[in-house]
Amino acid sequence: MDFAASSSASTSAANDVASSQEHYITSIEEDHETTCWGCGIRLLVSPHAPIFKCGWCGAITNKNALKCDNQYYKWRRLRDRCFVIVVLMFMIFIICGGIWAVYPVVFSISFFCGIFHSTITVILSVSTLSSFGLASFLSPGIPPRILWGSYPAVGKGGLENYTFCHYCSKPKSSRTHHCRSCGMCVLDMDHHCPFIGNCVGAANHRCFIIFLISTVISTAYVSIISVYAALHVWPPVNFLDHQPLHRFFSYEMDLNLLKETIFALLRSTVFLTPRGIALVYLFIASVSVGTGLIVLLWQQLSYIYKGKTYLSQLSASEGEGGERDCKNFVRFFGCQYIAARCCPTFWNSTKSHKK
Ligand SMILES: [Zn+2]
Ligand SMILES: [Zn+2]
Ligand SMILES: [Zn+2]
């Protein structure tokens, strides 16, 4: 960040300047003096400097930062709660619809097939719903309390690169961002996710990733099992046009066969039972949701690999940021101890996860 202003280091430094250059101090206009919000020390700054940094505590003052109000906060919370209810209902609908549509089919194939499917369904449902609940209702990460506002309680460099959050009226570190939807400052904030109605931050980022992984596996399983079950309940497909054999393997034949298959399938959907329609819906819903979540999961995993969050990626300049390393995954999921025991040669660093 470029700081156009100069600032005095401390009260003692300011007194030294005052005694040695009294004629200069008296010429300074009143609006050149300001008080550091971090340590309360008076600073001499240029009136043209919108952003300046305290030489003692390191706190950054931004004159351009507007005094903010939490307008529309209640509406944002209401929108988030509605999203959470819709997502929960959708998940319960998929689970119940899946049970109703798939169970008779898999149990009619074999008892072992039914038991296997039941076990997988229970594991995926519990993991998806519990990780969703944790990501949704856990606090995203409250920044640690820090002393501020008075000298000498605030030591030298005690508020290095801290800015002031005008919403919460308290200091905000470079790792912290204020979320207007949650109405709070969040440590290591990644983004505000309306679908979980919560911020993704230091405290619930892991639950969010587990939720994404669990949902992607669940949607893949639902799409496979719904196709498998649909093949058993699908009405007979009647082809109207039978192509002569000598045109086999020709380009025209391939195209006609494809067209005829699609039309025959569409014709047969008229005779679909409600169970068959539910299976078609399950397949379309799981494939579309799964595709979107795979993209989001890939993006999230790439940020973890780089040792960053979505917001730190946005604010970092080219080349700046954490080290790209597979160890970032181990640090992120908190498996350092297991990694060190199982593979000491891989795990030889004690460096913490950089955001
Ligand atoms: Zn200060
Ligand atoms: Zn805040
Ligand atoms: Zn938020």
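About the criteria used
- Residues numbered from 1 in each chain as written.
- Chains lettered and ligands numbered in written order.
- Predicted model: local features only at pLDDT ≥ 70, side-chain atom pairs only at ≥ 80, totals over all residues.
- Core = buried A, V, L, I, M, F, W, Y, C linked by C-beta atoms within 7 Å.
- Buried ≥ 20, exposed ≤ 12 C-beta atoms within 10 Å, placed from the backbone.
- Helix = DSSP H or I, 4+ residues; strand = E, 2+ residues; numbered from the N terminus.
- Domains from an automatic or database assignment.
- Contact = placed C-beta atoms within 7 Å.
- UniProt positions renumbered as here; feature names shortened; annotations may be inferred.

## Some thoughts on the nonpolar core
With 20 residues, the main nonpolar core has Ala135, Val186, Ile196, Cys199, Phe208, Phe211 and Leu212 as its most contacted residues. When residues of this core are traced back to their parent elements, those giving at least two are helix H4 (111–137), strand S8 (184–187), strand S10 (198–200) and helix H5 (205–233). For this core, the leading source of residues is H5, giving six residues. Residue assignment places this core across two domains, with domain 1 (1–64 + 144–187) and domain 2 (74–140 + 206–302) each supplying three or more. Residues in contact with Phe211, not counting those within four places in the same chain, are Thr128, Ser131, Phe132 and Ala135. Counting 15 residues, the second-largest nonpolar core is a separate cluster that includes Cys39, Trp56, Ala59 and Trp148.

## A closer look at the UniProt feature "transmembrane region" (unreviewed entry) in the protein
The residues that UniProt annotates with the feature "transmembrane region" (unreviewed entry) are residues 82–103, 109–138, 208–231 and 276–298. The span residues 208–231 carries 100% helix and 0% strand; its end-to-end C-alpha distance comes to 35 Å. What you have in residues 276–298 is 100% helix and 0% strand, and the ends, taken at the C-alpha atoms, are 33 Å apart.

## Regarding unusual backbone geometry
Cis geometry is adopted by the peptide bond preceding Pro152, which originates at Tyr151 and carries an omega value of 10 degrees. Within the secondary structure layout, Pro152 lies in the loop between H4 and strand S5 (163–165). Even without a glycine there, the phi angle at Ser169 is positive, about 55 degrees. Of note, Ser169 is situated in the loop between S5 and strand S6 (170–172). Overall, the presence of 8 C-beta atoms within 10 Å leaves Ser169 in the exposed class. Of note in the backbone geometry, Asp188 takes a positive phi value of approximately 50 degrees without being a glycine. Mapped onto the elements of the fold, Asp188 is located in the loop between S8 and strand S9 (191–193). A count of 22 C-beta atoms within 10 Å places Asp188 in the buried class.

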